[in-house]
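What the coordinates show
Spelled out from the first residue to the last, the chains are:
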Amino acid sequence: MLRITDLQLPLNHSESALKTAVLDQLGITENELIGFSVFRRGYDARKKNAITLIYTIDADTTINSELQRRHSNRPNISETPDTRYQYVAHANNQAFERPIVIGFGPCGLFAALLLAEMGFRPIVLERGKAVRERTKDTWGLWRKRKLQPESNVQFGEGGAGTFSDGKLYSQIKDPKHYGRKVLTEFVKAGAPDEIMYVSKPHIGTFRLVKMIEEMRAAIEKLGGEIRFQQKVTDIDIHNGQVQGLYVNEGEYLQSKHVVLAIGHSARDTFKMLYERGVYIEAKAFSIGFRVEHPQSVIDKARFGPNAGNEILGAADYKLVHHAQNGRSVYSFCMCPGGTVVAATSEPGRVVTNGMSQYSRNERNANSAIVVGVTPEDYPGHPLAGIALQRSLEERAYALGGNNYNAPGQLIGDFLSGKASTSLGKVEPSYKPGVTLCDLAQALPEYAINAIREALPAFDKKIKGFAMSDGILTGVETRTSSPIRIKRHNDSLQSLNTLGLYPAGEGAGYAGGILSAAVDGIKIAEAVALNIQSKQTP
Ligand SMILES: Cc1cc2nc3c(=O)[nH]c(=O)nc-3n(C[C@H](O)[C@H](O)[C@H](O)COP(=O)(O)OP(=O)(O)OC[C@H]3O[C@@H](n4cnc5c(N)ncnc54)[C@H](O)[C@@H]3O)c2cc1C
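The present account deals with the structure reproduced in this document. Everything quoted here is computed from the prediction, not taken from an experiment.

Time to look at the overall build of the protein. Each helix and strand counted, the protein has 12 helices and 23 strands in total. The globule rule puts the C-alpha radius of gyration for 537 residues at 24 Å, and the 24 Å found for the protein is close to it. For the protein, the spread of C-alpha atoms along the three principal axes comes to 70 × 70 × 40 Å. The buried share of the protein, taken over its 537 residues, is 59%. Looking at the protein alone, contacts between residues at least 24 apart form 74% of all its contacts between residues at least 6 apart. Within the structure as shown, the protein displays about 22,500 Å² of accessible surface, and the carbon and sulfur contribution to it stands at 50%. Side chains of the protein carry 63 positive and 56 negative charges; the gap between the two charge centres is 2 Å.

The next thing to look at is helix α7 (residues 267–275). Turning to α7, its buried residues are Arg267, Thr269, Phe270, Met272 and Leu273. Check the buried side of α7 and you find it contacts β8 (232–238), β11 (258–260), α9 (384–400) and β22 (483–484). Note on α7: the residue one or two positions beyond its end, Gly277, has a positive phi of about 90 degrees.

A few words now on the packing of aromatic side chains. Enumeration according to the criterion identifies 15 aromatic pairs in this entry. Where Tyr85 meets Tyr178, the ring centres are 6.0 Å apart and the plane angle is 55 degrees; that geometry is what we call tilted. Here Tyr85, found in the loop between β4 (77–79) and β5 (100–102), pairs with Tyr178, found in helix α5 (residues 178–188); they are 93 residues apart in sequence, far enough to count as distant. A residue is classified by how much of its surface remains accessible, and Tyr85, at 15% relative accessible area, is buried. Ring plane angle 85 degrees and centroid distance 5.5 Å describe the contact between Phe110 and Phe186, whose orientation is recorded as edge-to-face. Of this pair, Phe110 sits in helix α3 (residues 106–117) while Phe186 sits in helix α5, and the two are 76 residues apart along the sequence. An identical accessibility class is assigned to Phe110 and Phe186; each is buried. These aromatic residues form a ring-pair network of at least three members: Tyr85, Tyr87 and Tyr178. One cation-aromatic arrangement involves Arg3 over Phe39; the distance from NZ or CZ to the ring centre is 3.7 Å. Between the NZ or CZ atom of Arg487 and the centre of the ring of Tyr509, over which it lies, the distance is 3.8 Å.

The immediate surroundings of the ligand are formed by 39 residues, with Glu126, Ala160, Gly161, Glu505 and Ile513 found nearest. The backbone of Ala160 places a nitrogen or oxygen atom 2.7 Å from an oxygen atom of the ligand. When the free accessible area of the ligand is taken as 1,000 Å², the share hidden by the protein chains comes to 96%. Looking at the shell around the ligand, the elements with two or more residues in it are α3, β17 (352–356) and α12 (513–534). For the shell around the ligand, the per-class residue count stands at 17 nonpolar, 16 polar and six charged. Three or more residues apiece are contributed to the shell around the ligand by two domains, here domain 2 (100–281 + 484–534) and domain 3 (284–476).

Okay, the environment of Val518 next. Locating Val518 in the fold gives a position in helix α12. For the pair formed by Val518 and Ala59, sequence separation is 459 residues and the distance between their alpha carbons is 28 Å. If we ignore the near neighbours within four places in the chain, the residues touching Val518 are Ile172, Tyr178, Gly179 and Val182.

Spatially, the five strands line up as an open sheet ordered β7-β6-β5-β11-β23, and their pairing is parallel. Strands with a single pairing partner mark the edges of an open sheet, and in this sheet they are β7 (225–227) and β23 (500–502). Strand-to-strand, the axes of this sheet are offset by a mean angle of 20 degrees, without reference to chain direction. In this structure, β5 lies alongside β11, joined through three bridges in parallel fashion. In the sheet register, Val101 faces β11, and the bridge partner there is Val259.

This paragraph deals with the pairing of β17. Along any regular strand, the residues point their side chains to alternate faces of the sheet. Along β17, five of the five residues are buried, which leaves the element largely enclosed by surrounding structure. Residues Thr352, Gly354 and Ser356 line one face of β17 and the alternating positions Asn353 and Met355 line the opposite face, and both faces are buried. Here strand β16 (residues 338–342) runs beside β17; their pairing, made up of five bridges, is antiparallel. The partner of Gly338 across the bridge, within β17, is Ser356.

Here we take up the sheet that holds strand β2 (residues 33–44). With antiparallel pairing, four strands are arranged side by side in an open sheet as β2-β3-β1-β4. Each having just a single partner strand, β2 and β4 make up the two edges of the open sheet. Strand-to-strand, the axes of this sheet are offset by a mean angle of 30 degrees, without reference to chain direction.

Calculation rules
Residues numbered from 1 in each chain as written. Predicted model: local features only at pLDDT ≥ 70, side-chain atom pairs only at ≥ 80, totals over all residues. Heavy atoms only, no water. Helix = DSSP H or I, 4+ residues; strand = E, 2+ residues; numbered from the N terminus. Rg over C-alpha atoms; globule rule 2.2 N^0.38 Å. Buried < 20%, exposed > 50% of the residue type's maximum accessible area, 1.4 Å probe, protein only. Contact = heavy atoms within 4.5 Å. Areas by Shrake-Rupley, 256 points an atom, 1.4 Å probe, with all protein chains shown as cover. Lys, Arg positive; Asp, Glu negative; His and termini not counted. Charge placed at Lys NZ, Arg CZ, Asp CG, Glu CD. Phe/Tyr/Trp six-rings, centres within 6.5 Å; stacked < 30°, edge-to-face > 60°. Lys NZ or Arg CZ within 6 Å of the ring centre and 35° of its normal. Near = heavy atom within 4 Å. Polar contact = N/O pair within 3.5 Å; in protein donor to acceptor, adjacent residues only side chain to side chain. Nonpolar A, V, L, I, M, F, W, Y, C, P; charged D, E, K, R; others polar. Domains from an automatic or database assignment. Pairing = 2+ DSSP bridges. Axes fitted to C-alpha atoms, helices over the stretch in contact; angles between N-to-C directions.

So, in structure tokens, the structure goes:
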């Protein structure tokens, strides 16, 4: 097979144009082409009137080797790499101690799936409920202001990404093509085929729910076990080696191989681990607000006359501004045609986040506009970032009216420093509701100043971004983990606790669904190789 990269065609090209372009690129006749498939399709929208599609194509011909020689000086034609996943280990028939995976978010899910596929029959402990019950609890907060601290947007089957836009791209280095394995498994579980080739794939909430159930069934079929409402409340460490775990302050489970895939909101578990001496350090994260605009404003700004084009779909954006006070402000977790969601896991606190359905056809676009904070802003204790998050979330709860409403403000009022009293044309999507106020009280002054400077700067890149009717709601505090549970680069075990594998977003090794899932695969391999090395040949 031959791979052709950077093949550019106009947005509205005919179906036959792609084949013609492949033949032209390779300099072959139709008879010499056996077939071709699209490996990747992206677009270049820098010129709104002349948007191009950019393809990476895999082509099979009757003269592959000859073409490789003929085009050896062309950087955009090469042999197609083998991206199929190769298992690194397999359990033999001897008895072995089953590995335990704590947490069933994308990281724990892929760690468990891979361990199961390699024959190691993992036990998964998940504090939240199975995804259908969890969905009801999550809607309970959004509709009835009832928060279930153990079953919500952050906790439960599927982890934090279940009620999300399901964006599946990441900038991680992936020389072993683990991301491909993740996408392949998602398609097997019911994700649309296109996630294999579009440059910015996404799945949306409804489909994710069904897919997670399929993947759970696959793990169980391979001998894995998934236990819900099983919170790990303590860890047994002896001579620097994990020995086992306590569940729900009672049952003891023995294992010397424990994957810690607990996400960024398991604050009680972070505290427990710290108290048991597991090495943890403070890490940078970001704080800010969600911003909402009409999706049509973003589409027009990004795609001009091509707004509404089916291939392009609802437009997204990615923005960065370096403020004069030294802070960076950036857009994060942009959800085209989506809604802002209540994402707290703790009573008396308000946190915003965003989600979309696969269709991305809600009226508003939303994203987090956040400011970087570092341990210098919360010095003194490895867990001090959590204290900062909590204080901001409590302030937001109070500003919202102590009933899980989010505090909100019109962009125009925010920029001119006055409290909002009535909505304009943009209706906020956050449920259960928004209380208008002056958001300057919601974040530290440095963050407010940086965001005030960034919004007009963003307007220069996306026309309409600083529109006075746009809505800000807050607060965004769970952008990434405020801690890192450090691990060795090679064994992937905790710096000071053997057999404990810190993984995924909570441990500070991922920042999204795809990267958390990829980290889960890496961790499964490390655990499998470790167990295998202890078995006699
Ligand atoms: C609303 C929302 C929208 C998002 N949208 C996107 C998106 O579109 N694209 C994207 O890439 N990312 C998105 N994210 C981020 C993404 O969901 C996370 O990066 C990802 O889920 C992290 O995976 P993880 O497995 O490391 O942790 P998590 O998904 O957080 O999973 C951790 C799991 O561990 C469980 N757990 C915690 N403590 C314990 C314990 N003591 N015992 C047992 N179980 C425990 C939790 O209940 C949870 O299910 C979104 C997040 C949210 C909240």
